[in-house]
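Per-entry structural report
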Amino acid sequence: MKKFNTPLLQQTSLIQRVRTLFLIGLMVLAAGCSTIRFTYNHGDTLLYWWLNAYLDLDSDQSDWVKKDIDKLFQWHRSTQLRDYAGLLGKMQRQLADGNVTQDELLGDYRDIKARTELLAFKALPDLADLAMSIKPDQIEQMEKKFAKNNNDYRKKFISGSVEDRQKEHFKKTMEQFNLWFGSFSREQEAQLRKLSDARPLDDEVFLQERMLRQKKIVATLRRIQQEKLNKEQTMSAVHGLLRDFFDRMDAPERKAFYDSYVDSTSKFIVAAVKLTTPEQKAHAQKRMQGWIDDLNSLAAGK
């Protein structure tokens, strides 16, 4: 039976789509503790729908894709979720200390990146099987999906005025802060808006990077299909693609940009946490404990 796993296509937004999969119960939370269990327990179906939107899977592919998505979630549930609960617990302790530092945030970021790489490279043989199964018309379907996503990104983050773009970024930021800390006062939101607006608008660069990754994905898949690469050759090609994605932040032409972005973002988060009240920090502590309990319950098969 052909094998399937997802990180190859998920790299379309740097490593964020891989994070979305493997931290599905950690960083991408809609609302409330029960949401983690609901989303994760339906994650196999959601993931299939997402993949099908990119590739328009045929009937044969659909059969083994669904089975291997189920195997992926079984492995993920049994081996990864308690580790994510532990990571959340560490973040909870950092917040309990009353003053999260930039070094602590950067350490959390490195922990997440390491877990992302573990998932991606563990899936390498399955990624190769998936890549070998993709047909020319499916590559074209993927390109169309990429183009649509890019146009949506331009409309949302690039085409508007500077004020509109800053407003959109602040809206996304506040959605996350409200999730973690509860509601903010008008005075707090005004201070956060100033901090948010002070950050550079790097959307054009991120779009360039997104499109570069998409081109590399398409080129690799076309090469695998046209040259009829065998399993070993395909694994080498996919390994090179993944390694390039993960190492991109250290590429000479982009390292300064990404270093600056990570530095400015982490400083912004530290400053935002310092603005929160003891009650808001307690709200975040309680919410994180709910997520930790949910992750441990999921790991136990509940």
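The text that follows walks through the structure, step by step, so that each part is easy to find. Predicted model, so just to flag it, every value in this text is computed and none were measured.

**Examining the nonpolar core**
Formed by 64 residues in total, the largest nonpolar core has its most connected members in Leu 88, Trp 180 and Met 288. Formed by 6 residues, the second largest nonpolar core is a distinct cluster that contains Leu 106, Val 205, Phe 257 and Val 262.

**Let's talk about helix 11 (residues 186-197)**
Taking 1.5 Å per residue, 12 residues should reach 16 Å; helix 11 reaches 16 Å between its end C-alpha atoms and fits that length. Against helix 10 (162-181), helix 14 (255-275) and helix 15 (278-299) lie the buried residues of helix 11.

**Some remarks on the packing of helix 10 against helix 11**
Contact geometry for helix 10 and helix 11: axes closest at 10 Å, N-to-C directions at 125°. In terms of their interaxial angle, helix 10 and helix 11 are classed as oblique. Crossing of helix 10 over helix 11 shows right-handed handedness. For the pair helix 10 and helix 11, the contacting residues are Glu 163, Gln 166, Lys 167, Phe 170, Met 174 and Phe 177 in the first and Glu 189, Leu 192, Arg 193, Ser 196 and Asp 197 in the second. When grouped by side-chain class, the residues that make up the contact of helix 10 with helix 11 number 4 nonpolar, 2 polar and 5 charged.

**Quick word on the side chain of Asn 149**
Looking at the element boundaries, Asn 149 is found in helix 9 (residues 136-157). According to the relative accessible area criterion, Asn 149 is buried, its value standing at 15%. Engagement of the side chain of Asn 149 in a polar contact is seen with the side chain of Tyr 54, the distance being 2.9 Å. Beyond its immediate chain neighbours, meaning those up to four positions away, Asn 149 contacts Tyr 54 and Arg 210.

**Quick notes on the pattern of salt bridges**
All told, the structure shown has 23 salt bridges when counted by the stated rule. Residue Arg 243 is joined to Glu 117 by a salt bridge in which the shortest nitrogen-to-oxygen separation is 3.1 Å. In this pair, Arg 243 sits in helix 13 (residues 231-247) while Glu 117 sits in helix 7 (residues 102-122), placing the two residues 126 residues apart along the sequence. We classify Arg 243 as partly exposed; its relative accessible area is 26%. Note on Glu 117: relative accessible area 18%, which makes it buried. One salt bridge in this structure joins Asp 250 and Lys 255, with 3.7 Å as the shortest N-O distance.

Analysis parameters
- Residues numbered from 1 in each chain as written.
- Predicted model: local features only at pLDDT ≥ 70, side-chain atom pairs only at ≥ 80, totals over all residues.
- Heavy atoms only, no water.
- Core = buried A, V, L, I, M, F, W, Y, C linked by side-chain atoms within 4.5 Å.
- Buried < 20%, exposed > 50% of the residue type's maximum accessible area, 1.4 Å probe, protein only.
- Helix = DSSP H or I, 4+ residues; strand = E, 2+ residues; numbered from the N terminus.
- Expected span 1.5 Å × (residues − 1).
- Contact = heavy atoms within 4.5 Å.
- Axes fitted to C-alpha atoms, helices over the stretch in contact; angles between N-to-C directions.
- Parallel < 35°, antiparallel > 145°, perpendicular 65-115°, else oblique.
- Left-handed = near helix turned anticlockwise from the far one by under 90°.
- Nonpolar A, V, L, I, M, F, W, Y, C, P; charged D, E, K, R; others polar.
- Polar contact = N/O pair within 3.5 Å; in protein donor to acceptor, adjacent residues only side chain to side chain.
- Salt bridge = Lys/Arg side-chain N within 4 Å of Asp/Glu carboxyl O.

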